[in-house]
Amino acid sequence: MKRKILKITAGLTVAIFVFACHDSRQRKLEDMVKTFTEPITIANMLSINSVSTLPNFTLKMNATWLQDVNIDFVREAAQTTCKNSIARNLYQNKTFMELINEGLVICFTISDLHGNHISDVYIKSDDFKDDIINPSEKEYNIENFRQQMQILQKTLPQKVEDGIVICAAAFNELTGTVEYTWTFEEGYDITYFADSVEDFQNLATQSWKNFVSSNEIIVDFISKGFVWKYMFLDNDKTVLVTAVFDEIEDLN
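Remember, predicted model here, so these are calculated numbers, not experimental data. (Residues numbered from 1 in each chain as written. Predicted model: local features only at pLDDT ≥ 70, side-chain atom pairs only at ≥ 80, totals over all residues. Heavy atoms only, no water.)

*Asks:* Is there a simple way to explain the sheet that holds strand β4 (residues 105-111) in this structure?
*Replies:* In any sheet, the strands associate via hydrogen bonds between backbone groups, in a parallel or an antiparallel arrangement. If you walk across this open sheet you meet the five strands as β1-β2-β3-β4-β5, and the pairing is mixed. The outermost strands of the open sheet, each flanked by one partner alone, are β1 (40-42) and β5 (117-123). Going across the sheet, the axis of each strand differs from the next one's by a mean of 30°, ignoring polarity. Summarising the sheet, β4 and β5 pair through six bridges and their orientation is antiparallel. Across the sheet, the residue bridging to Cys-107 is Tyr-122, located in β5. (Pairing = 2+ DSSP bridges. Helix = DSSP H or I, 4+ residues; strand = E, 2+ residues; numbered from the N terminus. Axes fitted to C-alpha atoms, helices over the stretch in contact; angles between N-to-C directions.)

Laid out in structure tokens, this is it:
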């Protein structure tokens, strides 16, 4: 009988200890939620508008996808590249890192700019893998290029100026090349911009060169081995101009 009492007492002690730890984690989470006072933007993709706690050590975040693009694309991206970006950003926060290491579950409820529900993204401790939260600089840049191009592609064709549009964009991961294809709007042709093909080629190439050389971010990427490529198509899909910038010296 005495042994049974001891076993019961020991069981109660363990149960109380587990409950106390769980309660402590939940209180820590609730304290953190109280510090949320204004929207937070993550990777220029999401705006976290409000946060709340759920039972079982779960944090709920209501977020808005900031680009007005195809919902099916956003739904897919939310579970892949977007999820990785969120994980990286959260793990850079000391408080989040501590809670995540204690088993925090995060639920992102994502809506579009019009308030329509898109997807629920769940992030658990297993999602904070080293290759996600600590990628090499090259891997990180490649993922961002891939992600940004996927978003941009959903907005094309996109008018650049009167008579000219960007009709295609892509990122070649093997060569690290950011590629843009331009063409004329319907009703325009080369004669609207130049007297000859050669003049237009010089005009377009110089325009691209000026843009690239004046953009410090692009210049930095080129110095790290990435390439910027532009191509201009005539209305019949004939290539009029191609310009490739892969060396800093090209920009001088």
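*Asks:* Please explain the nonpolar core as it appears in this structure.
*Replies:* As a rule of thumb, nonpolar side chains are buried together in soluble globular proteins. If you look at the biggest cluster of nonpolar residues, it comprises 34 residues, and the most contacted ones within it are Trp-65 and Phe-108. Residue assignment for this core shows that the elements contributing at least two residues are α1 (2-34), β2 (46-54), β3 (58-65), α2 (71-78), α3 (81-91), α4 (94-101), β4 and β5. Dropping the residues within four chain positions of it, Trp-65 is found in contact with Met-45, Leu-46, Val-74, Ala-77, Cys-82, Ile-110, Ser-111, Asp-112, Leu-113, Ile-118 and Ile-151. Formed by 30 residues, the second largest nonpolar core is a distinct cluster that contains Ile-166, Phe-171, Phe-232 and Val-241. (Core = buried A, V, L, I, M, F, W, Y, C linked by side-chain atoms within 4.5 Å. Buried < 20%, exposed > 50% of the residue type's maximum accessible area, 1.4 Å probe, protein only. Contact = heavy atoms within 4.5 Å.)

*Asks:* Help me understand unusual backbone geometry, please; the structure alone is not making it clear to me.
*Replies:* In terms of backbone geometry, most residues other than glycine have negative phi values and most peptide bonds are trans. The backbone of Asn-56 shows a phi angle near 65°, a positive value even though the residue is not glycine. Here Asn-56 falls in the exposed class, since its relative accessible area comes to 61%.

*Asks:* I would appreciate a short explanation of the pairing of β3 in the present structure.
*Replies:* Consecutive side chains along a regular strand alternate between the two faces of the sheet. Of all the eight residues making up β3, six are buried; the element is thus mostly covered by neighbouring parts of the structure. Where β2 lies against β3, eight bridges are found, and the strand directions are antiparallel. In the sheet register, Thr-53 faces β3, and the bridge partner there is Leu-59. The turn joining β2 and β3, which pair antiparallel and follow one another in sequence, is formed by three residues; a positive phi near 65° is taken by Asn-56.

*Asks:* What is the right way to look at helix α8 (residues 216-223) in this model?
*Replies:* Every α-helix winds through 3.6 residues per turn, so residues three or four apart in the chain are directed the same way. Within the sequence span of α8, burial applies to Ile-218, Phe-221 and Ile-222. Considered in projection along α8, the buried side chains sweep an arc of 100° and stay on one side of the axis. In α8, the exposed positions angled more than 90 degrees off the buried face are occupied by Glu-216 and Ile-217. On its buried face, α8 is in contact with α6 (137-153), α7 (197-214), β9 (227-233) and β10 (239-245). Note on α8: the residue one or two positions beyond its end, Gly-225, has a positive phi of about 105°. (Arc of directions from axis to C-beta.)

*Asks:* How should the side chain of Asn-141 be read in this particular structure?
*Replies:* Its place among the elements puts Asn-141 in helix α6. For Asn-141, a relative accessible area of 9% gives the class buried. For Asn-141, the residues in contact, after removing those within four places along its chain, are Phe-221 and Phe-226.

*Asks:* Honestly, the packing of α7 against α8 in this entry has me stumped. Any pointers?
*Replies:* Helix-helix packing: each pair is described by the crossing angle between the helix axes and the interaxial distance. Relative orientation of the contacting elements α7 and α8 amounts to 90°, with a least axis distance of 5 Å. As the angle between them shows, α7 and α8 are arranged roughly perpendicular. Across the interface between the two elements, Phe-211, Val-212, Ser-213 and Ser-214 of α7 pack against Glu-216, Ile-218, Val-219 and Ile-222 of α8. Each residue belonging to the contact of α7 with α8 can be placed in one class, and the counts come to five nonpolar, two polar and one charged. (Parallel < 35°, antiparallel > 145°, perpendicular 65-115°, else oblique. Nonpolar A, V, L, I, M, F, W, Y, C, P; charged D, E, K, R; others polar.)

So, to be careful, I would describe these as geometric facts and stop short of saying anything about function.
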